[in-house]
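# Notes for the structure review
The chain contents come next:
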Amino acid sequence: MEPAMVDRRRLMFSALLLPGALKAQGGGASGIVLMHGKQDRALGLLAPLAFTISGRGVRLDGPTMPWAGSRDYDADYPTALDEIESAVARLRAAGATRVAVGGQSFGANAALAFAGSGRKADAVLAIAPGHVPDRWRDHPRISASVQRAREMIAAGQGDTRAGFDDINQGQTRTVRTSARNYLSFFDPDGLGSMPKSAASIPAPVPLLWIIGSNDRLAASGPAYAFDKAPKHPKSQYSEVSGGHLDTADIAIDEIVRWTDRKSVWEGKR
C-alpha cells in the first residue's frame, strides 16, 4: 500500500476513534487501554489496530498521555499511571471484566510501568517498546539534563519549568517542563526503565512483546526486559519485519490473534 494511502486511512480511523467515541466501539467483556507513542496523539499510529480490535468486540480506551505532542510532560510519571488506572476503571465501568494495558513505543513503556507498579492489568501488550532512559546514562545531552533536574530538585526548584533534552528514535529536542516531571520520566533507575518495570511485575500476567527487526531495540532481544517479567505460559515475544513506526501495522494480524484468544484473557494454561 502506498504511504499516502496509509496516512489517509490512519487519519480516517483516528477520526472514527476519538477518545470520546472509543467506548462505543466494541461491546465485549474484554477491554484494552491502548496508549500512543512519544509526540503522538491519542491512538495516532495505532488507529488501524484499534479500529480492527474494536470491530471484534473488544472495548477500547485511548487516552492522551503526558508524552503526547500536545502535552509535553505536563504531568509526572506517577500521575500518568493514575491516568491509565482511570482509563482501566472506565472500561470496567462500561462492562469489561478483563482489561489489558498496552501501547506503542512510550505507550508500551507505560504499560510495563503500570503492571510493574502492582496495579491490576489482566494482560500487557507491548508494541515496539520505546523510551529507554536506562540506556541513556552516558548520552551527553540526556545525562546532562537529568543531572540538571536533580540539582534543581535538590535546590527546592522541583516545580520550576526549564528546558530539558528529550530524545525520540535518535533525534533530540528541547522540551519545557518542570524538573520533577522531567526526572520522573528520564531517571535511568525510575519508572521509565523497562527492565526494572518488567522485573517488578508482582505476579505472572500474559505479556505480548512485539518488535520490528529494524527497531533500535531489537538487537537486545528478549533478554533486555521480556525475560525479566514473571513467566506466564501465554506470554509471547515476537519479532516481525519492519521498523519502529510500522510494527503495529505489520503485526496487526498477529496482535489481533493474540487478543482474540480467550485463554489469554481468562488466564487458562
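One can find the structure itself at the top, above this paragraph.
In short, a report on the structure. (Residues numbered from 1 in each chain as written. Predicted model: local features only at pLDDT ≥ 70, side-chain atom pairs only at ≥ 80, totals over all residues. Heavy atoms only, no water.)

## Here we look at the packing of helix 4 (residues 77-93) against helix 5 (residues 106-116)
Note the threshold: Only the stretch in contact is used when fitting a helix axis, every axis being a line fitted to C-alpha atoms; angles between N-to-C directions are given from 0 to 180 degrees. Helix numbering and strand numbering both begin at the N terminus, where a helix is a DSSP run of H or I of at least 4 residues and a strand a DSSP run of E of at least 2. Between 65 and 115 degrees an angle is taken as roughly perpendicular, under 35 as roughly parallel, over 145 as roughly antiparallel, and anywhere else as oblique. Contacts: residue pairs with any heavy atoms within 4.5 Å of one another. Classification used: nonpolar for Ala, Val, Leu, Ile, Met, Phe, Trp, Tyr, Cys and Pro, charged for Asp, Glu, Lys and Arg, polar for all others including Gly.
Contact geometry of helix 4 with helix 5 gives a least axis separation of 10 Å together with a crossing angle of 85 degrees. In terms of orientation, helix 4 lies roughly perpendicular with respect to helix 5. Here Y77, L81, I84, E85 and V88 of helix 4 lie close against helix 5, whose contacting residues are F106, N109, A110, A113 and F114. Among the residues forming the contact of helix 4 with helix 5, the class breakdown is eight nonpolar, one polar and one charged.

## What to know about helix 7 (residues 179-186)
Because each turn of an α-helix spans 3.6 residues, side chains separated by three or four positions end up pointing in the same direction. Cut-off, in case you're wondering: In this scheme, a residue with accessible area under 20% of its type's maximum is buried, one over 50% is exposed, and one in between is partly exposed, where area comes from a 1.4 Å probe on protein chains only.
Within helix 7, seven of the eight residues are buried, which leaves it mostly tucked inside the rest of the structure. Where helix 7 is concerned, the buried positions are A179, N181, Y182, L183, S184, F185 and F186. Among the structural elements, helix 4, helix 5, helix 6 (140-154), strand 5 (161-168) and strand 6 (171-178) are those in contact with the buried residues of helix 7.

## Considering the sheet that holds strand 2 (residues 59-61)
Using the following cut-off: The pairing criterion is simple: DSSP has to find at least two bridges between the two strands.
Across the sheet, which stays open at both edges, the six strands sit in the order 2-1-3-4-7-8 with parallel pairing between neighbours. Each having just a single partner strand, strand 2 and strand 8 (236-240) make up the two edges of the open sheet. Across the sheet, the axes of successive neighbouring strands diverge by a mean angle of 15 degrees, strand direction being ignored. Here strand 7 (residues 207-212) runs beside strand 8; their pairing, made up of five bridges, is parallel. Residue pairing in the sheet places I211 in a bridge with E239 of strand 8. Across the sheet, helix 10 (residues 252-260) is in contact with strand 1 (30-35), strand 4 (123-127), strand 7 and strand 8; its angle to strand 7 comes to roughly 180 degrees.

## So, the packing of aromatic side chains
Threshold: The aromatic pairing rule takes the rings of Phe, Tyr and Trp, using the six-membered ring of Trp, and pairs them if the centres are within 6.5 Å, calling planes under 30 degrees apart stacked, those over 60 edge-to-face and the rest tilted. Placement of a charge over a ring requires the Lys NZ or Arg CZ to be within 6 Å of the ring centre, with the centre-to-atom vector within 35 degrees of the ring normal.
Applying the stated criterion to the full structure yields 13 aromatic pairs. Taking 6.5 Å as the distance between ring centres and 20 degrees as the angle between the ring planes, the aromatic pair formed by W209 and Y237 counts as stacked. With a gap of 28 residues between them, W209 in strand 7 and Y237 in strand 8 connect regions that are remote in the sequence. Given a relative accessible area of 1%, W209 falls into the buried group. One aromatic cluster is present, formed by W67, Y73, Y77, F106, W136, F164, Y182, F185 and F186 through successive ring pairs. Its guanidinium or amino end placed over the ring of Y224, R135 lies 5.4 Å from that ring's centre, counting from NZ or CZ.

## Considering the pattern of salt bridges
Note the cut-off: A pair is scored as a salt bridge if a Lys or Arg side-chain nitrogen falls within 4 Å of a carboxyl oxygen belonging to Asp or Glu.
Overall, the coordinates contain 15 salt bridges when judged by the stated rule. With a shortest N-O distance of 3.2 Å, D159 and R180 are connected by a salt bridge. Within this pair, whereas D159 is found in the loop between helix 6 and strand 5, its partner R180 is found in helix 7, the two being separated by 21 residues in sequence. A single salt-bridge network, built from bridges that share partners, covers K38, D72, D166 and R173.

## Focus on unusual backbone geometry
The residue D72 is not glycine, and still its phi comes out positive at about 50 degrees. Along the chain, D72 falls in the loop between strand 2 and helix 4. Positive phi values are uncommon outside glycine, yet H131 reaches one of about 75 degrees. Secondary-structure assignment places H131 in the loop between strand 4 and helix 6.

## A few points about the pairing of strand 4
Definition in use: Looking down the strands as they point away from you, a crossover is right-handed if its path from the first strand over the helix to the second goes clockwise.
Of all five residues in strand 4, five are buried, a share of seventy percent or more. Burial of the side chains of strand 4 extends over both faces: A123, L125 and I127 are buried on one face and V124 and A126 on the other. Relative to strand 4, strand 3 (residues 98-104) runs parallel, the two sharing five bridges. Residue G102 lies in a different strand from strand 4, and its bridge partner there is L125. In terms of handedness, the path from strand 3 via helix 5 over to strand 4 forms a crossover that is right-handed.

## A few points about the nonpolar core
Our working rule: Throughout, nonpolar core names a set of buried Ala, Val, Leu, Ile, Met, Phe, Trp, Tyr and Cys residues whose side chains join them through atoms within 4.5 Å.
Among the nonpolar cores identified, the biggest contains 54 residues, and M35, W67, I84 and W209 are the most heavily contacted of them. For this core, the element with the highest residue contribution is helix 5, accounting for eight residues. Each residue touching I84, except ones within four places of it in the same chain, is listed here: V33, M35, M65, V101, A110 and F114. Counting residues in hydrophobic clusters, the runner-up holds 24 residues, among them I32, L125, I252 and V264.

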